[in-house]
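This is what each chain is made of:
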Amino acid sequence: MCIRDRRCLQGLRIQTIPLDEIIVVDDGSTDNTVEVAREFDVRVVSQSNAGPAAARNRGARVARGDVLLFTDADCVPTPNWAERMMVAFTDPEVSGAKGVYRTRQPELVARFVQAEYEDRYDRMRGRETIDFVDTYSAAYRRDVFLEYGGFDTTFPTASVEDQEFSFRLAEAGHQLVFVPDAQVFHVHDRTLGEYLRRKFWIGYWKVRVMHEHPGKLVHDSHTPQVLKLQIGLAALGALLIGGGILNRWLLWAGLAAWAALLASGLPFLVKLLRRDPAVTLVAPVLLFVRAWALGVGFLVGTVALVTHSRSHARR
């Protein structure tokens, strides 16, 4: 955990219910993370850099409470965040819970990112159970977390290791729930470049998750089905336009595929127009960029996985 500023710990210190303990796992930081954490009289656990999955697992092992609450160092929980999370665990059948992101950013890209999350939250509302929990606002029963080994430490960076763990629990029959009132504020991508890079790496690491949980390639409680269609249309359009060198009808077909990509986003754009009209000005471009970045990332990740598997098989 790298504390970029003090607001995360300040937010945890003013929760409406007392927390048994606050644990900061210092994953080999080279800044003043430890000094900042100690200003707030929290428990600091230090280790050599091993990645976010290993750091969270370390925190879970040393924790004393029955329920683990996770948030990230760049998040600021609202005062009732922990209280709203804990309400979910009054049901003894619940093993895990997921909260939500909020942001106050003025940048159009950041507001588009928030709109993406809102669209996914809309999908989760009303569901008795979900299968997709992110660590920015997450909670698990500690005994269940430890029984299933926590997050997969073979993911070297903060990517989709939290998704993989929630898929694992859901497939084992554990009930995970959505808690829309458990909110944390976050600084989303500000620029097109930041957004593109993040989506590329999500696509890249998603290959690993889909390899381990192939059923989630078809459906999960978080990912809109239309997004998969858009990735396919982006790739199809590129292939057809490339073929347009030989046949102009292929060029027109490729452009039609890209037009269909944008058309498939109309329900989202209509929703966005109601929620944040100004963002609709950049939304078509970002829909296109999103499909491309995820698709290219998934392609590169697939090549990397196949190469690694062949290399391992030769040993």
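The text that follows walks through the structure, step by step, so that each part is easy to find. None of these values were measured; they are calculated from a predicted model. (Residues numbered from 1 in each chain as written. Predicted model: local features only at pLDDT ≥ 70, side-chain atom pairs only at ≥ 80, totals over all residues. Heavy atoms only, no water.)

## Observations concerning the overall build of the protein
For the protein, the helix and strand inventory stands at twelve helices and seven strands. For the protein, whose C-alpha radius of gyration is 21 Å, the value lies close to the compact-globule estimate of 20 Å for 315 residues. Counting all 315 residues of the protein, 50% fall into the buried class. Considering only contacts within the protein whose residues lie at least 6 apart along the sequence, 74% involve residues at least 24 apart. Total accessible area on the protein is roughly 15,400 Å²; 59% of this is exposed by carbon and sulfur atoms. In the protein, the 38 positive side-chain charges and the 36 negative ones have mean positions that sit 6 Å from each other. (Helix = DSSP H or I, 4+ residues; strand = E, 2+ residues; numbered from the N terminus. Rg over C-alpha atoms; globule rule 2.2 N^0.38 Å. Buried < 20%, exposed > 50% of the residue type's maximum accessible area, 1.4 Å probe, protein only. Contact = heavy atoms within 4.5 Å. Areas by Shrake-Rupley, 256 points an atom, 1.4 Å probe, with all protein chains shown as cover. Lys, Arg positive; Asp, Glu negative; His and termini not counted. Charge placed at Lys NZ, Arg CZ, Asp CG, Glu CD.)

## Observations regarding helix H10 (residues 248-264)
Over its 17 residues, H10 extends 24 Å from the first C-alpha to the last, a length consistent with the 24 Å expected when each residue adds 1.5 Å. Looking at H10, one finds that the buried residues are Gly 254, Ala 257, Leu 261 and Ser 264. Looking straight down H10, one finds its buried side chains confined to an arc of 85°; they lie on one side. More than 90 degrees from the buried face of H10, the exposed residues found are Arg 248 and Trp 249. With a side-chain oxygen positioned 2.7 Å from the backbone nitrogen of Trp 249, the residue opening H10 is Asn 247. (Expected span 1.5 Å × (residues − 1). Arc of directions from axis to C-beta. Polar contact = N/O pair within 3.5 Å; in protein donor to acceptor, adjacent residues only side chain to side chain.)

## Focus on unusual backbone geometry
One non-glycine residue with positive phi stands out, namely Asp 41, at about 55°. Residue position: Asp 41 is located in the loop between helix H2 (33-39) and strand S2 (43-47).

## Topic: a nonpolar patch on the surface
Taken together, the side chains of Trp 249, Leu 251, Trp 252 and Leu 255 define a hydrophobic patch exposed on the protein surface, amounting to about 440 Å² of accessible area. Relative to the elements of secondary structure, Trp 249 occurs in helix H10. Assessed through its relative accessible area of 58%, Trp 249 is described here as exposed. (Patch = residues over 30% accessible without salt bridge, like charges linked within 9 Å, V, L, I, M, F, W, Y side chains within 5 Å. Salt bridge = Lys/Arg side-chain N within 4 Å of Asp/Glu carboxyl O.)

## Section: the nonpolar core
The biggest cluster of nonpolar side chains holds 66 residues, and the ones touching the most others in it are Leu 9, Ala 97, Phe 112, Tyr 140 and Phe 145. Of all the elements, helix H5 (residues 108-124) adds the most residues to this core, at seven residues. Contacts of Ala 97, omitting those with residues within four sequence positions, involve Met 85, Ala 88, Phe 89, Val 133, Ser 137, Ala 138, Ala 139, Val 177 and Val 179. Of all hydrophobic cores here, the second largest spans five residues; its members include Leu 233, Ala 234, Ala 257 and Ala 291. (Core = buried A, V, L, I, M, F, W, Y, C linked by side-chain atoms within 4.5 Å.)

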